[in-house]
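# Breakdown of the fold
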Amino acid sequence: MNLILLGPPGSGKGTQAEKISSDYDVPHISTGNILRHAIDQGTDLGLSAKKYMNEGKLVPDELVDEIVAERLSFLDCNRGFVLDGFPRDLTQAKALEGIRGIDTVFLVECPQQTLISRLSNRRECSSCGKIYHLLNNPPNREGFCDDCGNKLIQRADDQPQTIKKRLTTYEKETKPLIDYYGEERILVRLDGFQNPDTVYAEIKKYLP
Ligand SMILES: [Zn+2]
């Protein structure tokens, strides 16, 4: 069960990846998580990645490819995996092809208006990382985390000007992937405007 979840920021693909991972007991592999993990572990690849990040630069594709390849070689990936945020573009998709075959690619689509509303209303606990949404899932006390009482912040990523930029980048880089996996006939389109349980029910129809 080798899966990829594609979708713009705010589409909820991370939530879906979590659900699949816990129900089917396959690891949820997001680029952010494995980069952080490699850095925490101080692996050679992690140390190289850290150098770029400390300088405020993007970690180069080849390095990300290597880190993903390393992660996919771990034993827990024998039964499959859910990739989230990788591949980001066609170059990475082709690199992945040389590492592991893919069974299904889920594309979570969502109107841009909804994405902007979701992302700009998102707040994160500065301490425990719990996510809130000012409209759909607000904290009990404005500005503070229900669980640990610490301050809620808006990530730099979720500021309005940055959101637009992220969505444009996604469109440009990911559109070719949709065609690429579409031609391979392993792409499944999902309506990410629906509530997460409905989206997940749809996903399950395609899983063993
Ligand atoms: Zn908290």
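My aim in this report is to walk through the structure given alongside it, one point at a time. Just so we're clear, the structure is a prediction, and the values are computed from it rather than from any experiment.

## Observations regarding the sheet that holds strand E7 (residues 152-153)
Sheet architecture is open: three strands sit in the order E6-E5-E7, paired in antiparallel fashion. One side of each edge strand has no neighbouring strand; the edge strands of this open sheet are strand E6 (131-133) and E7.

## Focus on the packing of helix H6 (residues 112-120) against helix H7 (residues 160-183)
Running from N to C, H6 and H7 cross one another at 135 degrees; their axes reach a closest spacing of 10 Å. Considering the angle they form, H6 stands oblique to H7. Note that H6 runs across H7; the crossing there is right-handed. Facing Gln-112, Leu-115, Ile-116, Leu-119 and Ser-120 of H6, the residues of H7 in contact are Pro-160, Ile-163 and Leu-167. Considering only residue class, the contact of H6 with H7 consists of six nonpolar, two polar and no charged.

## Quick notes on the sheet that holds strand E8 (residues 187-191)
The parallel open sheet is built from five strands, whose spatial order is E2-E3-E1-E4-E8. Two strands close off the open sheet at either side, each with one partner strand: strand E2 (28-30) and E8. For this sheet, the mean angle separating the axes of adjacent strands, direction not counted, is 25 degrees. Two strands pair when backbone bridges link them, and strand E4 (residues 104-109) and E8 are joined in this way by five bridges, in the parallel orientation. Among the inter-strand pairings, Val-108 is bridged to a residue of E8, identified as Leu-190.

## Remarks on the nonpolar core
Counting 35 residues, the largest nonpolar core has Leu-5, Ile-67, Val-82, Leu-83 and Phe-106 as the members making the most contacts within it. In contact with Leu-83, other than residues within four places in its own chain, are Leu-3, Ile-4, Leu-5 and Ile-29.

## Points about the environment of Gly-129
Looking at the element boundaries, Gly-129 is found in the loop between strand E5 (122-125) and E6. C-alpha of Gly-129 to C-alpha of Thr-31: the two residues are 98 residues apart in sequence and 18 Å apart in space.

Parameters and conventions
Residues numbered from 1 in each chain as written. Predicted model: local features only at pLDDT ≥ 70, side-chain atom pairs only at ≥ 80, totals over all residues. Pairing = 2+ DSSP bridges. Helix = DSSP H or I, 4+ residues; strand = E, 2+ residues; numbered from the N terminus. Axes fitted to C-alpha atoms, helices over the stretch in contact; angles between N-to-C directions. Parallel < 35°, antiparallel > 145°, perpendicular 65-115°, else oblique. Left-handed = near helix turned anticlockwise from the far one by under 90°. Contact = placed C-beta atoms within 7 Å. Nonpolar A, V, L, I, M, F, W, Y, C, P; charged D, E, K, R; others polar. Core = buried A, V, L, I, M, F, W, Y, C linked by C-beta atoms within 7 Å. Buried ≥ 20, exposed ≤ 12 C-beta atoms within 10 Å, placed from the backbone.

That is the geometry; function is a separate question.
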